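Structural overview for review
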Amino acid sequence: MPAFVIIGAQWGDEGKGKATDLLSSRIDYVVKFNGGNNAGHTVVVGDEKYALHLLPSGILTDGVIPVIANGVVIDIEVLFEELEALSARGVDVSRLLVSANAHVITQYHRTLDKVTERFLGKRQIGTTGRGIGPAYADKINRVGIRIQDLFDENILRQKVEGALHQKNHLLVKIYNRRAIAVDEIVNDLLSYAERLRPMVADTGLVLNRALDEGKTVVFEGGQATMLDVDHGTYPFVTSSNSTSGGAATGSGVAPNRLDRVIGIVKAYTTRVGAGPFPTELHDASGEFLRTKGFEFGTTTGRPRRTGWYDAPIARYSARVNGVTDFVMTKLDVLTGLETIPVCVAYDVDGERVDEVPVSQSDFHHAVPIYEEFPGWSEDITGARTFEDLPKNAQNYVLALEAMSGSRISAIGVGPDREAIVVRHDLLAG
Ligand code: GDP
Ligand code: IMO
Ligand code: MG
């Protein structure tokens, strides 16, 4: 089974690196297909801790070919910074491939991201400020700059002129900022062209050929289902398709070639930035999850909002993504709780609703209906088989599995690579 898609099943930061690690003995290619350096992946390997943003976490696997596919938006300066930092630590990044069709994040996208947020005031999204939304907006408006444009100065200049024409009016007249010079952007982008050239490829062709040869390709999603621009809590979402369908459009590999979809789900819930979050806690339990789970953003350092597990969301993710297996992370964080509430449905204006409501206002009003499960106090970080887990932890997992729409094939019991309980071998299918 050669093509795996890994996606976040909640609002991000589920620990997507854990699943990549489970597959690492077999990975030939690891593909980032959406988002940009808004993502933040912390991966712990032995005593080493890596924080990755633009590069997929699978880059840490020996011998793998990392691919940044067409669906990604690339801040080139960040790309080189990240590559240099990894090389300095002995990670081989020499085989990175970058799609000629991927779009570029420039200075004006970063500026626009920040000023638009400020002008939204109370309605702000709480973006990462990395220029993601404005870069995707340009892509959809057909005024984006693509990686391939860097290799034709004439074309690049025309495109930057086109993009800045309207934006400078906006920046100066509406947002009271200085105009951005075409030359400034063009020269900046050109300064990276020669270093970038050897990495640039027709990545869709490369990946399809790899699959033809029976190679294993892992598509590593950034962000998560509830942040997907179509299926998430719009407008409090990111600007790309972070669900499994995005792996196809974002890479040029057809949907019928994707064999397994692995949904990563935390044993509780977190969210960064604004937007609805029915099970959010504002009390000591929320603080317990934040402190014990170390829930602070990898990208912006913001404290993450925390809450109990939301089964309707997991079920929704299973459906939207076609999840074949869940990997549940951070079960160890719940150790020490006497009882653990789990949201099994919502109360929306006095009515019980079992699925994620399609109406945004209903979701905003949704009050969780909880079922309580008995907790455990034993340290579980050393557990390696399901039977090693205390009975109450086993029951918690089994109950969540029954509610969440797909089997839970592995369970994270600590930040380390090895801290995992495998119930079904993902490679065996
Ligand atoms: P991503 O955005 O999905 O890649 O996840 P992040 O890296 O932003 O956040 C996940 C965090 O949880 C990281 O700091 C991981 O090291 C950590 N982590 C992953 N799995 C586990 C687990 O099973 N237990 C604990 N305690 N931490 C975990
Ligand atoms: P990983 O891959 C959590 C959130 C931001 C904001 C919204 C829009 O680490 O799971 P953007 O900058 O994308 O326009 O911000 O999306 N967000 C994330 N939250 N994890 C992420 O990535 C995120 N990427 C974006 O906080 O609410
Ligand atoms: Mg993250």
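Conventions adopted
- Residues numbered from 1 in each chain as written.
- Chains lettered and ligands numbered in written order.
- Predicted model: local features only at pLDDT ≥ 70, side-chain atom pairs only at ≥ 80, totals over all residues.
- Heavy atoms only, no water.
- Axes fitted to C-alpha atoms, helices over the stretch in contact; angles between N-to-C directions.
- Helix = DSSP H or I, 4+ residues; strand = E, 2+ residues; numbered from the N terminus.
- Left-handed = near helix turned anticlockwise from the far one by under 90°.
- Contact = heavy atoms within 4.5 Å.
- Nonpolar A, V, L, I, M, F, W, Y, C, P; charged D, E, K, R; others polar.
- Salt bridge = Lys/Arg side-chain N within 4 Å of Asp/Glu carboxyl O.
- Buried < 20%, exposed > 50% of the residue type's maximum accessible area, 1.4 Å probe, protein only.
- Parallel < 35°, antiparallel > 145°, perpendicular 65-115°, else oblique.
- Near = heavy atom within 4 Å.
- Polar contact = N/O pair within 3.5 Å; in protein donor to acceptor, adjacent residues only side chain to side chain.
- Areas by Shrake-Rupley, 256 points an atom, 1.4 Å probe, with all protein chains shown as cover.
- Domains from an automatic or database assignment.
- Phe/Tyr/Trp six-rings, centres within 6.5 Å; stacked < 30°, edge-to-face > 60°.
- Donors = N, O, S within 2.8 Å, 3.2 Å for Na, K, Ca; no water.
- Buried area = accessible area lost by both parts, 1.4 Å probe.

1. Details of the packing of helix α3 (residues 107–120) against helix α4 (residues 132–141)
- In the contact formed by α3 and α4, the axes pass within 7 Å of each other and the chain directions differ by 115°. Judged by the sense of rotation from one axis to the other, the crossing of α3 with α4 is right-handed. Across the interface between the two elements, Tyr108, His109, Leu112 and Asp113 of α3 pack against Ile132, Pro134, Ala135 and Asp138 of α4.
- Here the residues of the contact of α3 with α4 sort into five nonpolar, one polar and two charged.

2. Considerations on the pattern of salt bridges
- Under the defined criterion, the tally for this structure stands at 25 salt bridges.
- Among the salt bridges present, the one from Lys215 reaches Glu213, with a minimum N-O distance of 3.6 Å.
- Judged by relative accessible area, Glu213 falls into the exposed class, the value being 56%.
- Across the salt bridge formed by Glu280 and Arg305, the nearest N and O atoms sit 2.8 Å from each other. Of the two residues, Glu280 sits in the loop between β12 (269–271) and α9 (284–292) while Arg305 sits in strand β13 (residues 305–307), which places them 25 residues apart along the sequence.
- Residue class for Arg305 comes out buried when judged on its relative accessible area of 19%.

3. Let's talk about the packing of helix α2 (residues 76–88) against helix α6 (residues 182–196)
- Two elements in contact, α2 and α6, have axes separated by 10 Å at closest approach and are oriented at 45°. As the angle between them shows, α2 and α6 are arranged oblique. Both α2 and α6 take part in a crossing whose hand is left-handed. Note on element contacts: α6 touches α2 through Leu189, Tyr192, Arg195 and Leu196, opposite Ile76, Glu77, Leu79, Phe80 and Glu84.
- Residue composition of the contact of α2 with α6, grouped by class: six nonpolar, no polar and three charged.

4. A short note on the site of ligand 2
- Surrounding ligand 2, one finds 20 residues, the nearest of these being Asp13, Lys16, Asn38, Thr128 and Thr238.
- One of the backbone N or O atoms of Gln223 is found 2.9 Å from an oxygen atom in ligand 2.
- Interatomic distance of 3.1 Å between a backbone N/O atom of Val272 and an oxygen atom of ligand 2.
- Within the complex, the protein chains bury 97% of what would otherwise be the 550 Å² of accessible surface of ligand 2.
- Looking at the shell around ligand 2 residue by residue, the class counts come to six nonpolar, eleven polar and three charged.
- In this structure, the shell around ligand 2 is formed jointly by two domains, domain 1 (3–93 + 202–422) and domain 2 (103–197), each of which donates at least three residues.

5. Side note on the site of ligand 1
- As a structural note, the neighbourhood of ligand 1 is formed by 19 residues, with Lys16, Gly40, His41, Thr42 and Asp332 the closest of them.
- In this structure, an oxygen atom belonging to ligand 1 sits 2.5 Å away from a side-chain N or O atom of His41.
- At 3.3 Å from an oxygen atom of ligand 1 is found a side-chain nitrogen or oxygen belonging to Arg304.
- Starting from 590 Å² of accessible surface for ligand 1 in isolation, the protein chains cover 92%.
- Mapped by element, the contributors of at least two residues to the shell around ligand 1 are α1 (16–22) and β3 (41–45).
- Ranked by residues supplied to the shell around ligand 1, first place goes to β3 with three residues.
- Classifying every residue of the shell around ligand 1 gives four nonpolar, eight polar and seven charged.

6. Digging into the packing of aromatic side chains
- For the coordinates displayed, the defined rule picks out seven aromatic pairs.
- Ring geometry for Phe119 and Tyr175: centres 4.6 Å apart, planes at 80°, overall edge-to-face. Of this pair, Phe119 sits in helix α3 while Tyr175 sits in the loop between α5 (153–174) and α6; the two residues are 56 residues apart in sequence, bridging distant segments of the chain.
- Classification of Phe119 by relative accessible area gives exposed; the value is 52%.
- Residue class for Tyr175 comes out buried when judged on its relative accessible area of 14%.

7. Thoughts on the coordination of the magnesium ion (ligand 3)
- On the protein side, the magnesium ion (ligand 3) has Asp13 (OD) and Gly40 (O) as donor atoms, found 2.0 Å from it. Highlighted residues: Asp13 in the loop between β1 (3–8) and α1 and Gly40 in the loop between β2 (29–32) and β3, separated in sequence by 27 residues.
- According to the relative accessible area criterion, Gly40 is buried, its value standing at 14%.

8. Description of the domain arrangement of the protein chain
- What the domain assignment lists for the protein chain is domain 1 (3–93 + 202–422) and domain 2 (103–197).
- The straight-line distance from the C-alpha centre of domain 1 to that of domain 2 is 29 Å.
- The interface of domain 1 with domain 2 comprises 27 residues on the first partner and 22 residues on the second.
- A buried area of about 2000 Å², summed over both sides, lies between domain 1 and domain 2, and 59% of it is on carbon and sulfur atoms.
- Of all residues in domain 1, Val73, Ile76 and Phe80 bury the most surface against domain 2, accounting for 30% of the area lost on that side.
- Seen at the junction of domain 1 and domain 2, the total is two salt bridges.
- As a salt-bridge pair, Asp75 and Arg110 come within 2.7 Å of each other at their nearest N and O atoms.
- Summed over the shared surface of domain 1 and domain 2, the number is ten residue pairs in polar contact (both at pLDDT 80 or more).
- Contributing elements (two or more residues each) for the side of domain 1 that touches domain 2: β6 (73–74) and α2.

9. A word on the environment of Leu190
- Take Leu190: it is sitting in helix α6.
- Given the relative accessible area of 24%, Leu190 is considered partly exposed.
- The sequence separation of Leu190 and Leu427 amounts to 237 residues, and the corresponding C-alpha distance is 43 Å.
- For Leu190, the residues in contact, after removing those within four places along its chain, are Leu150, Glu153 and Leu156.

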